[in-house]
Amino acid sequence: MKPLQTPRLPIGPDPLRRSRIPRRLSEVTTVGVETDPTDVGMTRDGVERIWKDARTLYRSGIHPALTLCVRRHGEVVLDRAIGHARGNGPKDGPDTEKVLATPETPMCMFSATKGITAALIHLLDERGVLHVGDRIAEYLPEFARNGKSGITIAQVLSHRAGIPNLPAGSLDLDRMDDWEFQRELFYDATPIHRPGKRQAYHAVSGGNLLGEVVREVTGKGIRDVLAEGILDPLGFRWTNYGVAAEDVDKVALNYPTGPVLLPPMSTMLTRALGLPPDEATVLSNEPRFLTAVAPAANGVTTANELSRFYELLRNGGELDGVRIMDPRTIRRATVEQSHLEVDLSLGLPIGFSMGFMLGGRRVSLFGGDTAGAFGHLGWINILSWTDPARAISVAMITTGKAALYPEVTRFLQIPRRIGMEASKIQDN
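Presented here is a report on the structure given in the accompanying data block. (Residues numbered from 1 in each chain as written. Predicted model: local features only at pLDDT ≥ 70, side-chain atom pairs only at ≥ 80, totals over all residues. Heavy atoms only, no water.)

### Some words on helix H6 (residues 222-234)
Basically, it comes down to this: Put simply, DSSP H or I for four residues or longer makes a helix, DSSP E for two residues or longer makes a strand, and each gets a number counted from the N terminus. To estimate the expected span of a helix, subtract one from its residue number and multiply by 1.5 Å. Bend at a given residue is defined as the angle between two axes, one fitted to the seven residues that end at that position and one fitted to the seven that begin there. To sort residues, take the accessible area from a 1.4 Å probe on protein chains only and compare it with the maximum for the residue type: under 20% means buried, over 50% means exposed, and anything in between is partly exposed.
Taking 1.5 Å per residue as the helical rise, H6 with its 13 residues ought to reach 18 Å, and the 17 Å between its terminal C-alpha atoms agrees with that figure. The sharpest bend along H6 measures roughly 45 degrees and falls at glutamate 228. Restricting attention to buried positions, one finds in H6 the residues Ile222, Val225, Leu226, Ala227, Gly229, Ile230, Leu231 and Leu234.

### Looking at the nonpolar core
As a reminder of what qualifies: Nonpolar cores were defined as sets of buried Ala, Val, Leu, Ile, Met, Phe, Trp, Tyr and Cys residues, with membership established by side-chain atoms within 4.5 Å. Whether two residues are in contact is decided by their heavy atoms: any pair within 4.5 Å suffices.
Counting 122 residues, the largest nonpolar core has Leu68, Ile136, Phe143, Ile153, Ile230, Leu313 and Ile418 as the members making the most contacts within it. Setting aside chain neighbours within four positions, we find isoleucine 418 in contact with Ile50, Leu68, Val70, Trp385, Ile392 and Val394.

### Let's talk about the sheet that holds strand E5 (residues 107-108)
Strands belonging to one sheet form pairs held by backbone hydrogen bonds; the direction of such a pair is parallel or antiparallel. Counted only if it meets this: Only when DSSP finds a minimum of two bridges between them are two strands counted as paired.
The strand order across the open sheet built from three strands is E5-E8-E6, with neighbouring strands paired in antiparallel fashion. On the outer flanks of this sheet lie E5 and strand E6 (240-241), each paired with one strand and no other. With two bridges joining them, E6 and strand E8 (residues 299-301) adopt antiparallel strand pairing. Its bridge partner lying in E8, tyrosine 241 is registered against glycine 299.

### Remarks on the environment of asparagine 315
Here asparagine 315 lies in the loop between helix H10 (303-314) and strand E9 (318-319). Residue classification places asparagine 315 among the partly exposed positions, given a relative accessible area of 39%. Distance in space between the C-alpha atoms of asparagine 315 and tyrosine 201 is 28 Å, their sequence separation being 114 residues.

### With respect to the packing of aromatic side chains
Defined as follows: Any two of the Phe, Tyr and Trp rings considered here, Trp counted by its six-membered ring, make a pair once their centres fall within 6.5 Å; the pair's planes then place it as stacked at under 30 degrees, edge-to-face at over 60, or tilted in between. Remark: a charge is flagged as sitting over a ring if the NZ atom of Lys or the CZ atom of Arg is within 6 Å of the ring centre and within 35 degrees of the ring normal.
As enumerated under the stated definition, the model contains eight aromatic pairs in all. Plain terms: the ring middles of tyrosine 201 and phenylalanine 352 are 6.2 Å apart, the flat faces sit at 25 degrees to each other, and that makes the pair stacked. Within this pair, whereas tyrosine 201 is found in the loop between helix H4 (179-188) and helix H5 (205-218), its partner phenylalanine 352 is found in the loop between helix H11 (327-333) and strand E11 (357-358), the two being separated by 151 residues in sequence. We classify tyrosine 201 as buried; its relative accessible area is 8%. Seen from their ring centres, phenylalanine 236 and phenylalanine 309 are 6.5 Å apart, and the 70 degrees between their planes marks the pair as edge-to-face. Residue phenylalanine 236 is located in the loop between H6 and E6, and its partner phenylalanine 309 is located in helix H10; the two are separated by 73 residues in the primary sequence. Overall, phenylalanine 309 belongs to the buried group, its relative accessible area being 0%. Clustering of aromatic rings is evident, with ring pairs tying together Phe236, Phe309, Tyr310, Phe356 and Phe374. The ring of phenylalanine 181 carries the charged tip of arginine 175 above its face, separated from the ring centre by 3.8 Å. Sitting over the ring of phenylalanine 236, arginine 308 keeps its end group 4.8 Å from the ring centre.

### Some words on the pairing of strand E13 (residues 382-387)
Within E13, six of the six residues are buried, leaving the element largely enclosed by the surrounding structure. Judged by which residues are buried, E13 turns out to be covered on both faces: Ile382, Ser384 and Thr386 on one side and Leu383, Trp385 and Asp387 on the other are all buried. Relative to E13, strand E12 (residues 374-378) runs antiparallel, the two being bridged by five bridges. In the sheet register, leucine 377 faces E13, and the bridge partner there is leucine 383. In this antiparallel pair of consecutive strands, E12 and E13, the connection spans three residues, and tryptophan 379 shows a positive phi of 40 degrees.

### Some remarks on H4
For H4, the complete set of buried residues consists of Phe181, Gln182, Arg183, Leu185, Phe186 and Tyr187. Looking at the buried positions of H4, the neighbouring elements they touch are H5.

### Quick notes on the environment of glutamate 184
As for its position among the elements, glutamate 184 is in helix H4. C-alpha of glutamate 184 to C-alpha of glutamate 142: the two residues are 42 residues apart in sequence and 8.5 Å apart in space. Apart from the residues within four sequence positions on either side, glutamate 184 is in contact with Glu142 and Arg145.

### A closer look at the environment of leucine 100
Mapped onto the elements, leucine 100 comes out in strand E4 (residues 99-100). With relative accessibility at 33%, the residue leucine 100 sits in the partly exposed group. The sequence separation of leucine 100 and aspartate 134 amounts to 34 residues, and the corresponding C-alpha distance is 47 Å. Setting aside residues no more than four positions away along its own chain, leucine 100 makes contact with Glu27, Val28, Thr30, Gly83, His84, Ala85 and Thr105.

### Comments concerning the pattern of salt bridges
To keep it simple, the criterion reads: Here a salt bridge means any side-chain nitrogen of Lys or Arg lying within 4 Å of a carboxyl oxygen belonging to Asp or Glu.
Per the counting criterion, the structure on display carries 32 salt bridges. A salt bridge links aspartate 174 to arginine 288; the shortest N-O distance between them is 2.9 Å. Note that aspartate 174 is positioned in the loop between helix H3 (153-157) and H4 and arginine 288 in helix H9 (residues 287-290), a separation of 114 residues in sequence. Given a relative accessible area of 59%, aspartate 174 falls into the exposed group. Using a relative accessible area of 36% as the deciding quantity, one classes arginine 288 as partly exposed. Residues joined in a network through salt bridges with shared partners are Arg49, Asp53, Arg417 and Glu421.

Here you go:
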């Protein structure tokens, strides 16, 4: 039985701003290389149930493209894409040229980028290049202006620095890579509360600030530091901040979808992003954005590569025989800093470590009984995580940018289903 679909109006624009869903989903589905799930303690039927839930989310029409990759014990048991990378947005007509999405299609992961940046910061700490307990002002003395002298790197990672809102002008596409200009914006910022006192999600601001700390302590841009320290030794094609100019046209487009947001949610997101949500979505397709560096927001990757990154963390910092970091570094990076504290920016109870969103036994983005899981959400409908108790590493990337829509429970059902089909192999 097909899931119920919110009906479209017979005339006029669709108020839910959805893409057109073909009758035969097989025509827009691409399957990558997958291992026999029975070799790693799962079943073929279980994997297909996971994919059935992904198809159900796609049928909502909110996501022009969806790609999902699930690893179990390091083996890829599901690696599939459904929909179109380009040409099937809510405003695209039936005759618009369409480009099929595949598991190899790179997509912007938005705030899921924060997990990548957090891992890099902890790696630099392990190597003695910086220390997460240090004050930002020890590296950038002028940052101490306006009561910010005590803010630490750890507080930025755990969203407790008190500067959650992006300074005005930060998203000027012509100045995103002007690091001296960006630094001055942060030097002039004023905290909204005493650093360390409360959790308030730093949607973009924290990543930009950490990028400048990395530049100061290494003498290199954070894109180069990430490539040299993690990506290149492991042979990653994507998963860095933005892409090279020649790769811009390979990246899937993002689309404003779902009901138009109204206050107070629209006001909250505009304050955090520095732009209204729909404008930020359109900006994410701009070549200037895709070739810039935004360490909290413009990572570009595939679901396969993103799940592989989390497999590195699940495996204690080693992947395919290459040691990147010490297991102790990962354990420290995932120590709980807040337990279901209501976030001032998001208005939701979310547990954070120094850089990662944490799972829980009852309340969790990663499904039920996932106290040992950690990962990161991206623009509401992107999710990447690893659950060591289940030996899984997962990434799901979508291209519809809807904050609220009638079928949002279908998104939440996918991590829940994955947890059900990948039984626990150990107790946390």
